[in-house]
Amino acid sequence: MSKIELYVPKPEDLWFRQGLLGDPATMSYNKGYELGFDGYHNDTGCIDFPVEAHSGWYARWIGAEPQRFYAYLRETETGEFLGEVSLYETEGPGVYEMGIVLHSAQRGKGYSKEGIRLLLDCAFGKLGAKKVTNCFEPSREAALKIHKAAGFQVEKEENGLLYLGITRET
């Protein structure tokens, strides 16, 4: 497997996020869930991210540490963007919910496992997190396997979702 890194995108790099969110194969995990916000497409799972929204989104997410962190996963040798990762405080200072979306063409290559490791290093190192959480459907077996391998533990199952967490100590 190639080496990957966290790369904080520049405004001119947001074409990748726009394509990621607009790709039905990548966003299929979202398909059919009633997320209930403008720009979400229930039939594909895709989320609109038009160019006119880039600057406002960028101002909210980039350079917003410690409340929020966002980066691309990037292959170090080629510079190719592979996916995105994020952290945002949810239950007060030091408790973050994480997100990871890997482009569908990059799945099954070990990038998710390494991406989660890099994101946890950032959370517990750079941001001083006490805990990182994530939640998703139990049917997402690959996601569960990767999270457990990273040290996450299932804390509860509720309303059709698994809630997972990892602390600095674990």
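Preceding block: the structure.
As the structure is a computational prediction, the values presented were derived from the model and not from experiment.

Chemist: Please explain the packing of aromatic side chains as it appears in this structure.
Modeler: Aromatic rings considered in pairs are described by the distance between their centres and by the relative angle of their planes. Taken as a whole, this structure holds 14 aromatic pairs when the rule is applied. Note on tyrosine 7 and tyrosine 72: the rings are 6.5 Å apart at their centroids and 35° apart in plane angle, and the pair reads as tilted. With tyrosine 7 in strand E1 (residues 4–7) and tyrosine 72 in strand E2 (residues 68–75), the pair connects residues that are 65 residues apart, well separated along the chain. Here tyrosine 7 matches tyrosine 72 in class, with each residue buried.

Chemist: Explanation requested: a nonpolar patch on the surface in the structure shown.
Modeler: A contiguous nonpolar surface patch, about 250 Å² in accessible area, is contributed by Tyr33, Leu35 and Phe37. Locating tyrosine 33 in the fold gives a position in the loop between helix H2 (24–27) and helix H3 (51–61). Of the residues examined, tyrosine 33 reaches a relative accessible area of 32% and is grouped as partly exposed.

Chemist: What is the right way to read the sheet that holds strand E7 (residues 161–167) from this model?
Modeler: Spatial ordering of the open sheet is given by E1-E2-E3-E4-E5-E7-E6, a layout of seven strands whose pairing is mixed. With one partner strand each, in any of the chains shown, E1 and strand E6 (153–158) form the two edges of the open sheet. Within this sheet the neighbouring strands show an average axis-to-axis angle of 25°, counted without direction. Examined bridge by bridge, E1 and E2 share four bridges and lie antiparallel to one another.

Chemist: So what exactly am I meant to see when it comes to the nonpolar core here?
Modeler: The nonpolar side chains of a soluble globular protein tend to be buried, and buried together. Ranked by internal contacts, the top residues of the largest apolar core, which has 29 residues, are Phe69, Leu73, Leu87, Met98, Leu120, Val132 and Phe152. Secondary-structure elements contributing two or more residues to this core are E2, strand E3 (81–89), strand E4 (95–102), helix H4 (111–126), strand E5 (131–136), helix H5 (141–149) and E7. The residues touching valine 132, leaving out its near neighbours within four places in the chain, are Leu87, Tyr96, Met98, Leu120, Ala123, Phe124, Phe152, Leu164, Gly165 and Ile166. Membership of the second largest hydrophobic core comes to 18 residues, among which are Tyr7, Ile47, Trp61 and Tyr72.

Chemist: So what exactly am I meant to see when it comes to the pattern of salt bridges here?
Modeler: Overall, the coordinates contain eight salt bridges when judged by the stated rule. In this structure, the salt-bridge partner of aspartate 121 is arginine 117, at a minimum N-O distance of 2.7 Å. With a gap of four residues between them, aspartate 121 and arginine 117 both fall in helix H4, about one helical turn apart. One network of salt bridges, with partners in common, ties together Glu114, Arg117 and Asp121.

Chemist: How should the environment of isoleucine 47 be read in this particular structure?
Modeler: In this fold, isoleucine 47 is placed in the loop between H2 and H3. When the C-alpha atoms of isoleucine 47 and glutamate 89 are compared, they prove to be 22 Å apart, with 42 residues separating the residues in sequence. If we ignore the near neighbours within four places in the chain, the residues touching isoleucine 47 are Leu21, Gly22, Met27, Asn30, Phe37, Gly39 and Tyr40.

Conventions we followed
Residues numbered from 1 in each chain as written. Predicted model: local features only at pLDDT ≥ 70, side-chain atom pairs only at ≥ 80, totals over all residues. Heavy atoms only, no water. Phe/Tyr/Trp six-rings, centres within 6.5 Å; stacked < 30°, edge-to-face > 60°. Helix = DSSP H or I, 4+ residues; strand = E, 2+ residues; numbered from the N terminus. Buried < 20%, exposed > 50% of the residue type's maximum accessible area, 1.4 Å probe, protein only. Patch = residues over 30% accessible without salt bridge, like charges linked within 9 Å, V, L, I, M, F, W, Y side chains within 5 Å. Areas by Shrake-Rupley, 256 points an atom, 1.4 Å probe, with all protein chains shown as cover. Salt bridge = Lys/Arg side-chain N within 4 Å of Asp/Glu carboxyl O. Pairing = 2+ DSSP bridges. Axes fitted to C-alpha atoms, helices over the stretch in contact; angles between N-to-C directions. Core = buried A, V, L, I, M, F, W, Y, C linked by side-chain atoms within 4.5 Å. Contact = heavy atoms within 4.5 Å.

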